[in-house]
Structure formats: structure tokens, C-alpha cells
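What the coordinates show
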Amino acid sequence: MRLTSKFTAIGAAAALFCAVAAVWMLRSGDLTRATAATGQIRPVWTETEWPFGVDPWGKGKAFRCNANDCGG
């Protein structure tokens, strides 16, 4: 097998892999539908105070989701 035909085979395999991955991503639909049981939970995250001590990198960001917004 010549070197150019190896590159052609590898390129065709890579193109096929990319095409399959693109079709799979397009058919998977909305990502929230895959994680939510009913698809109707829409979490609303609000920023709150950092609940931990200050470390060398300073304060972090903390978020909280209320029970009414997160389905619990």
C-alpha cells in the first residue's frame, strides 16, 4: 500500500467519524431533555455569598437554586 493511499484511507475514516458524530449531535436534540425526567424543570440559579473560608485565591462564586425552581 502506498503512502498516499494510507492518507486517503485515514482521511476517509476521519471524515466518516466526523459525519457520524455530527448526525448524532443533531439528533440528540435539547440537552435539558436528556437530563430532566419530565423536561419541564427549568432551574433558576441565583448567586449567593461564598459559604467557605477565604483561601489564597480569594472568594469564589456560589450559586443556589430554590426548591420551587428546581423541582424539589
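Our structure's up above, just so we're on the same page.
As a starting point, this report considers the structure included with it. (Residues numbered from 1 in each chain as written. Predicted model: local features only at pLDDT ≥ 70, side-chain atom pairs only at ≥ 80, totals over all residues. Heavy atoms only, no water.)

1. Observations concerning the overall build of the chain
Secondary structure summary: the chain contains 3 helices and 2 strands in total. In the chain, which comprises 72 residues, the proportion classed as buried is 4%. Looking at the chain as shown, the accessible area adds up to about 6700 Å², and 65% of this sits on carbon and sulfur atoms. (Helix = DSSP H or I, 4+ residues; strand = E, 2+ residues; numbered from the N terminus. Buried < 20%, exposed > 50% of the residue type's maximum accessible area, 1.4 Å probe, protein only. Areas by Shrake-Rupley, 256 points an atom, 1.4 Å probe, with all protein chains shown as cover.)

2. A word on the packing of aromatic side chains
In this structure the tally under the stated criterion is 1 aromatic pair. Between W50 and F52, the aromatic rings sit 5.3 Å apart at their centres with planes inclined by 75 degrees, giving edge-to-face as the arrangement. Residue classification places F52 among the exposed residues on the basis of a relative accessible area of 58%. (Phe/Tyr/Trp six-rings, centres within 6.5 Å; stacked < 30°, edge-to-face > 60°.)

3. Let's talk about the environment of T48
With respect to the secondary-structure elements, T48 resides in strand β1 (residues 45–48). The class of T48 is partly exposed, set by a relative accessible area of 27%. Taking C-alpha positions, T48 is 5.5 Å from F63, a pair spaced 15 residues apart along the chain. Excluding its chain neighbours within four sequence positions, the residues that come into contact with T48 are A62, F63 and R64. (Contact = heavy atoms within 4.5 Å.)

4. Considering the environment of A62
You can see A62 is positioned in strand β2 (residues 62–65). Residue A62 is classed as buried on the basis of its relative accessible area of 11%. Residues A62 and E49 lie 13 residues apart in sequence; the distance between their C-alpha atoms is 6.3 Å. Every residue in contact with A62, bar those within four places of it in the chain, is listed here: T46, E47, T48, E49, W50 and P51.

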